[in-house]
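# Notes for the structure review
Take a look at the letters that make up each chain.
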Amino acid sequence: MSFDRRTRIDQMRNADRARDRRNRALAIGLSALVVAGLVAFGSYALLDRSEAADKRDAVAADEATASAAEKKVLAAEPIEGLKTWDAKKLTRNHVTETVTYPMKPPVGGDHSPVWMNCDGEVYKKAIPDMNAVHSLEHGSVWVTYTDKASAADVAELAALVGKTPYSLMSPYKDQAGTIMLSAWGKQVTVDSADDPRVGRFFAKFVQGEQTPEPGAACTGGLGSQ
């Protein structure tokens with residue numbers, strides 16, 4: 001092989017090696033650029049999500065503050081037709097024998113050792129008085145209605161109860177009013193689900209000052225039959 005031919009071959013090999021080195025350098029550079037871009041995008045996305053979460057938390061806090069303020073205003077408003085029983089005369093013994101209550105639905109007195117679950121529970125069938133009274137002792141509001149209540153009123157009240165811890169709802173055949181609200185020692189008959197006394201009653205008596213055992217459990221008791 002002539003010297004000139006060997007020289008050309010060596011030059012071509014050197015050019016190939018140089019091209020390979022450039023390609024590798026370019027690939028490494030592009031990879032670094034992609035990684036840097038992904039890191040930057042990830043950081044932006046995390047920051048964006050963090051800011052969105054902060055905004056949601058701020059809105060939730062504002063709504064909670066507004067809700068608490070609204071509840072305070074409602075609780076201070078008078079409830080026309082409210083009946084009150086002397087708390088000292090409402091005994092609180094746990095008993096197993098049947099108790100005959102002087103009012104329907106009952107608002108207090110001796111009751112079952114087991115409470116009715118009352119964490120926003122909507123019962124489709126009647127529930128035992130003695131278990132419901134125990135729920136009232138824990139600070140619950142009990143919404144009851146007869147078959148004269150409209151489907152719209154029942155649905156609206158069920159929605160309210162469903163989002164309100166320490167409340168429960170059930171049909172009650174023998175009560176005097178079509179829709180009645182009861183708490184420990186407190187009771188009112190309302191005209192409809194839109195009656196302003198409904199909001200006032202909930203604001204004042206869900207875990208209200210009348211509660212003999214505030215903060216006691218509303219789950220882990222008796223549920224739907």
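Computed from a predicted structure; not experimentally measured. (Residues numbered from 1 in each chain as written. Predicted model: local features only at pLDDT ≥ 70, side-chain atom pairs only at ≥ 80, totals over all residues. Heavy atoms only, no water.)

All right, on to the layout of surface pockets then. What the largest pocket holds in volume is close to 420 Å³. Taken together, Ser-67, Glu-70, Lys-71, Leu-74, Leu-160, Lys-163, Thr-164, Pro-165, Gly-199, Phe-202, Ala-203 and Val-206 make up the full set of residues lining the largest pocket. Looking at the lining of the largest pocket, the elements with two or more residues in it are helix H1 (3-76) and helix H4 (196-205). Counting residues per element, the lining of the largest pocket draws most heavily on H1, at 4 residues. Class assignment of the residues belonging to the lining of the largest pocket gives a composition of 6 nonpolar, 3 polar and 3 charged. (1 Å grid on protein atoms, 1.4 Å probe; cavity = no way out; pocket = protein on both sides within 12 Å on 5 of 7 lines; lining within 4 Å. Points joined across faces, edges and corners; volume = space filled by probe spheres on them. Helix = DSSP H or I, 4+ residues; strand = E, 2+ residues; numbered from the N terminus. Nonpolar A, V, L, I, M, F, W, Y, C, P; charged D, E, K, R; others polar.)

The subject of this paragraph is the sheet that holds strand E2 (residues 119-122). Pairing within the open sheet is mixed, and its 6 strands lie in the order E1-E6-E5-E3-E4-E2. The strands lining the two open edges of the sheet, one partner per strand, are strand E1 (83-84) and E2. Where E1 lies against strand E6 (residues 186-190), 2 bridges are found, and the strand directions are antiparallel. Paired with Thr-84 across the strands is Lys-186, a residue of E6. Against the sheet, helix H2 (residues 129-137) touches strand E3 (141-145), strand E4 (167-171) and strand E5 (179-183), its axis set at about 140 degrees to E3. (Pairing = 2+ DSSP bridges. Contact = heavy atoms within 4.5 Å. Axes fitted to C-alpha atoms, helices over the stretch in contact; angles between N-to-C directions.)

Let us look at the nonpolar core. Within the largest apolar cluster, 39 residues are counted, with the highest numbers of intra-cluster contacts made by Val-141, Val-143 and Phe-201. When contributions to this core are tallied by element, the ones reaching two or more residues are H2, E3, helix H3 (151-162), E4, E5, E6 and H4. Apart from residues lying up to four places away in sequence, Val-143 is in contact with Leu-157, Val-161, Leu-168, Met-169, Ser-170, Met-180, Leu-181 and Phe-202. (Core = buried A, V, L, I, M, F, W, Y, C linked by side-chain atoms within 4.5 Å. Buried < 20%, exposed > 50% of the residue type's maximum accessible area, 1.4 Å probe, protein only.)

Here the chain averages 86 in pLDDT, and 73% of its residues register 70 or above. pLDDT under 50 marks residues 59-64. Its contacts with residues more than four places away, or in other chains, come to 0 contacts. (pLDDT = per-residue confidence, 0-100.)

So, about H4. Where H4 is concerned, the buried positions are Arg-197, Val-198, Phe-201, Phe-202, Ala-203 and Phe-205. In the stretch just after H4, Gln-207 is the one whose phi turns positive, near 55 degrees.

As a further point, take the pattern of salt bridges. Following the criterion strictly, the structure yields 6 salt bridges and no others. In this structure, the salt-bridge partner of Asp-195 is Arg-197, at a minimum N-O distance of 2.8 Å. Its relative accessible area of 12% is what places Arg-197 among the buried residues. Here the residues in one salt-bridge network are Arg-92, Glu-137 and Glu-213, joined through shared partners. (Salt bridge = Lys/Arg side-chain N within 4 Å of Asp/Glu carboxyl O.)

Time to look at a positive patch on the surface. A cluster of basic residues, Arg-17, Arg-21, Arg-22 and Arg-24, forms a positive patch on the protein surface. Its place among the elements puts Arg-21 in helix H1. (Patch = residues over 30% accessible without salt bridge, like charges linked within 9 Å, V, L, I, M, F, W, Y side chains within 5 Å. Areas by Shrake-Rupley, 256 points an atom, 1.4 Å probe, with all protein chains shown as cover. Lys, Arg positive; Asp, Glu negative; His and termini not counted. Charge placed at Lys NZ, Arg CZ, Asp CG, Glu CD.)

Given a rise of 1.5 Å per residue, 12 residues ought to cover 16 Å, and the 16 Å separating the end C-alpha atoms of H3 matches this to within 8%. Among the residues making up H3, those that are buried are Asp-153, Leu-157, Ala-158 and Val-161. Along the long axis of H3, the arc covered by the buried residues comes to 130 degrees, so they all point the same way. Facing away from the buried surface of H3 by more than 90 degrees, the exposed residues are Ala-151 and Ala-152. Its buried side turned inward, H3 meets E2, E3, E4, E5 and H4. (Expected span 1.5 Å × (residues − 1). Arc of directions from axis to C-beta.)

To continue, consider the packing of aromatic side chains. Per the counting criterion, the structure on display carries 2 aromatic pairs. Judged by centre distance (5.8 Å) and plane angle (75 degrees), the rings of Trp-142 and Tyr-172 are edge-to-face. Of this pair, Trp-142 sits in strand E3 while Tyr-172 sits in the loop between E4 and E5, and the two are 30 residues apart along the sequence. Where Phe-201 meets Phe-205, the ring centres are 4.8 Å apart and the plane angle is 65 degrees; that geometry is what we call edge-to-face. Within this pair, Phe-201 and its partner Phe-205 are both found in helix H4, separated by 4 residues, close to a single helical turn. (Phe/Tyr/Trp six-rings, centres within 6.5 Å; stacked < 30°, edge-to-face > 60°.)

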